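# Analysis of the macromolecular model
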Amino acid sequence: MIELGWVPFFQQQLTLEELETGLPGRVMGVERSGVTVAYAGGERQIPLGGRWFQLDAEARPTIGDWVLLNTEGTQIERLFERKSVLKRVRAGTTSEIQLLAANVDTMFVVTSCDEDFNLSRIERYLTLVLDGSIQPVVVLTKRDLVETPEQLVDQVHELRTGLIVELVNALDRSTLEGLNVWCGQGQTIALLGSSGVGKSTLVNTLTGSQVQITSSVRDSDGKGRHTTTSRSLHLLPQGGLLLDSPGMRELQIADVGSSVSVLFNDIEELVSRCRFSNCAHEQEPGCAVRAVIEAGDLDARRFNSYLKLNREEVHAAESIAERHARSRNFSKQVRQVISQSHKKHRH
Ligand SMILES: Nc1nc2c(ncn2[C@@H]2O[C@H](COP(=O)(O)OP(=O)(O)OP(=O)(O)O)[C@@H](O)[C@H]2O)c(=O)[nH]1
Ligand SMILES: [Mg+2]
Ligand SMILES: [Zn+2]
């Protein structure tokens, strides 16, 4: 099971009895009505019954999760505690959380060197992982299609000191050597990026087989090609597991904790030096940020990206607090109803 990413972190979550009879498995695919689980005995589809859909999205199995199956292997008994989780606000909603993957060790943020290249988008992806439990690696594909791809690498490096960037041609295996260190035995790697950047092409080249459909159809309506429509985990010859996902049109950040502060710690430091604590960094006297931008020491694009992501993070935190308050209120009402009915019965 080591090849599926089974490590002591999960083993330790088994009771003595479960150690002998329990059947742990890993969620390799998520479909509309169920999941595909790989376990010591093979792989099988397991439907998800209604009880799972009464739970919050975060309590339901997602791709990469470890689950405990019943002894027949027909049902999921429970989820294992996660090592890490990637989530966003579900596209088209304001506060509904959607899990993208669980138990990921490394995230390949995939962007192509051609039209898709966009620094603010890379920053947005980075905020998903900077809480420390997942290693981000920026993968720039289609290096063969531009004249001076090295310039783009330099720009990405400026986003954050120590950021790892790999420049590749996803169709050419020899350019992917640098990715090998992340792909060893039991390692789980997630591929995230817009449609058409070459995520599935990377899966095919790294696994050495045409497991995923790829498409060169031009993006004529601006909505992307969306060739891949579901998430799936693939075993690599190097021993790792690679997760392919549909391209994302929208990545609204969820409760990412302090990731925005981590990515933009220099800007937060500047903001704290503005004369007014509620400075909007526009016309206020004593604005430390504007002074630095005007001096050419801070990229205005980067500052705007910070403002935008920070607003989203605050908004996400507020919606989550509201949701919790609502459910607390609800359980209070339930408790009241129960205690009242107890009283009635006693009289
Ligand atoms: N020249 C070149 N073409 C590439 C490279 N990477 C991907 N492509 C091509 O780009 C097109 C889109 O690649 P896909 O792998 O389908 O893109 P994707 O990210 O999986 O897209 P979705 O599944 O829609 O999210 C295909 O025609 C690939 O052959 C590259 O590094 N160089
Ligand atoms: Mg794809
Ligand atoms: Zn200011």
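What comes next is a walk through the structure. By convention here, each chain's residues receive numbers from 1 onward along its written sequence. Chains carry letters and ligands carry numbers; both start at the beginning, A for chains and 1 for ligands, and go up in the order they are written. For this predicted model, a pLDDT threshold of at least 70 governs which residues receive local features, and a threshold of 80 or more governs which side-chain atom pairs are given and counted, while totals over whole chains, interfaces and linings are taken from all residues.

### Details of the overall build of the protein
Cut-off, in case you're wondering: Runs of H or I in DSSP of at least four residues are treated as helices and runs of E of at least two as strands, each being numbered from the N terminus. Contact criterion: two residues are in contact if their C-beta atoms, reconstructed from the backbone, are within 7 Å.
Looking only at helices and strands, the protein features 10 helices and 14 strands. Excluding contacts between residues fewer than 6 apart, the proportion of contacts in the protein whose partners are at least 24 apart in sequence is 64%.

### Side note on the site of ligand 1
Rules: In this entry, near means the residue's backbone-placed C-beta atom lies within 6 Å of the molecule or strand. Residue polarity follows a fixed list, in which Ala, Val, Leu, Ile, Met, Phe, Trp, Tyr, Cys and Pro are nonpolar, Asp, Glu, Lys and Arg are charged, and the others, Gly among them, are polar.
Close to ligand 1 lie 24 residues; Gly198, Thr214, Ser216, Thr228 and Gly247 are nearest. Along the lines of polarity and charge, the residues of the shell around ligand 1 split into five nonpolar, 15 polar and four charged.

### Quick notes on the sheet that holds strand β14 (residues 252–253)
In any sheet, the strands associate via hydrogen bonds between backbone groups, in a parallel or an antiparallel arrangement. We apply this condition: Whether two strands pair depends on DSSP finding at least two bridges between them.
Sheet architecture is open: three strands sit in the order β7-β6-β14, paired in antiparallel fashion. Among the strands making up the open sheet, the edge pair consists of β7 (97–102) and β14. With two bridges joining them, strand β6 (residues 85–89) and β14 adopt antiparallel strand pairing. Bridge assignment links Arg88 to a residue of β14, and that residue is Ile253.

### Details of the nonpolar core
Worth spelling out the cut-off: A set of buried residues qualifies as a nonpolar core if it consists of Ala, Val, Leu, Ile, Met, Phe, Trp, Tyr and Cys joined through C-beta atoms within 7 Å. Here the C-beta atoms are placed from the backbone, and a residue counts as buried if at least 20 other C-beta atoms lie within 10 Å of its own, exposed if 12 or fewer do, and partly exposed otherwise.
Counting residues in hydrophobic clusters, the biggest one holds 70 residues, and the most contacted among them are Val67, Phe108, Val109, Ala190 and Leu243. Ignoring sequence-local partners within four residues, the contact set of Phe108 consists of Val137, Val139, Ile189, Ala190 and Leu191.

### Side note on helix α5 (residues 149–157)
How we decide: What the arc describes is the spread of directions from the helix axis to the C-beta atoms.
Along α5, the residues that are buried comprise Pro149, Leu152 and Val156. Burial along α5 is one-sided: seen end-on, the buried residues are contained in an arc of 50 degrees. For α5, exposure combined with an orientation more than 90 degrees from the buried face picks out Gln151 and Asp154. For α5, the elements touching its buried residues are α4 (119–126), β9 (135–141) and β10 (164–167).

### Thoughts on the pairing of strand β13 (residues 241–244)
Taking every second residue as pointing to the same face, both faces of β13 are buried, with Leu241 and Leu243 on one and Leu242 and Asp244 on the other. Relative to β13, strand β11 (residues 188–193) runs parallel, the two being bridged by three bridges. Within β13, the position partnered with Ile189 by the bridge is Leu242. In the sheet, strand β12 (residues 232–235) pairs with β13 via four bridges, with the strands oriented antiparallel. Bridge assignment links His234 to a residue of β13, and that residue is Leu242. Taking the residues between adjacent antiparallel strands as the criterion, β12 and β13 are bridged by five residues, where Gly239 takes a positive phi near 110 degrees.

### Overview of helix α6 (residues 199–207)
Of all nine residues making up α6, seven are buried, and the element is well covered by its neighbours. Along α6, the positions that sit buried rather than exposed are Lys199, Ser200, Thr201, Leu202, Val203, Thr205 and Leu206.

### Comments concerning unusual backbone geometry
One non-glycine residue with positive phi stands out, namely Asn103, at about 55 degrees. Among the secondary structure elements, Asn103 is positioned in the loop between β7 and β8 (106–112). Phi at His281 is positive, roughly 60 degrees, even though this residue is not glycine. By secondary structure assignment, the location of His281 is in the loop between α8 (265–271) and α9 (288–294). Classification of His281 by C-beta neighbours within 10 Å gives partly exposed; the count is 17.

### Quick notes on the pairing of β9
Inclusion rule: By convention, orient the strands away from the viewer: a clockwise path from the first strand over the helix to the second makes the crossover right-handed.
Burial within β9 is extensive, with five of its seven residues counted as buried. Judged from the four bridges that link them, β9 and β10 form a sheet pairing that is parallel. Directly across from Val137, in β10, lies its bridge partner Ile164. Between β9 and its parallel partner β10, the chain crosses via α5, and the hand of that crossover is right-handed.

### Points about the environment of Arg121
Mapped onto the elements, Arg121 comes out in helix α4. The spatial distance from the C-alpha of Arg121 to the C-alpha of Leu251 is 8.9 Å, given a sequence separation of 130 residues.

### Structural notes on the environment of Glu158
Position of Glu158 among the secondary structure elements: in the loop between α5 and β10. Here Glu158 falls in the exposed class, since 11 other C-beta atoms lie within 10 Å of it. For the pair Glu158 and Leu119, spaced 39 residues apart in the sequence, the C-alpha separation amounts to 9.8 Å.

Coordinates in, geometry out; function isn't part of it.
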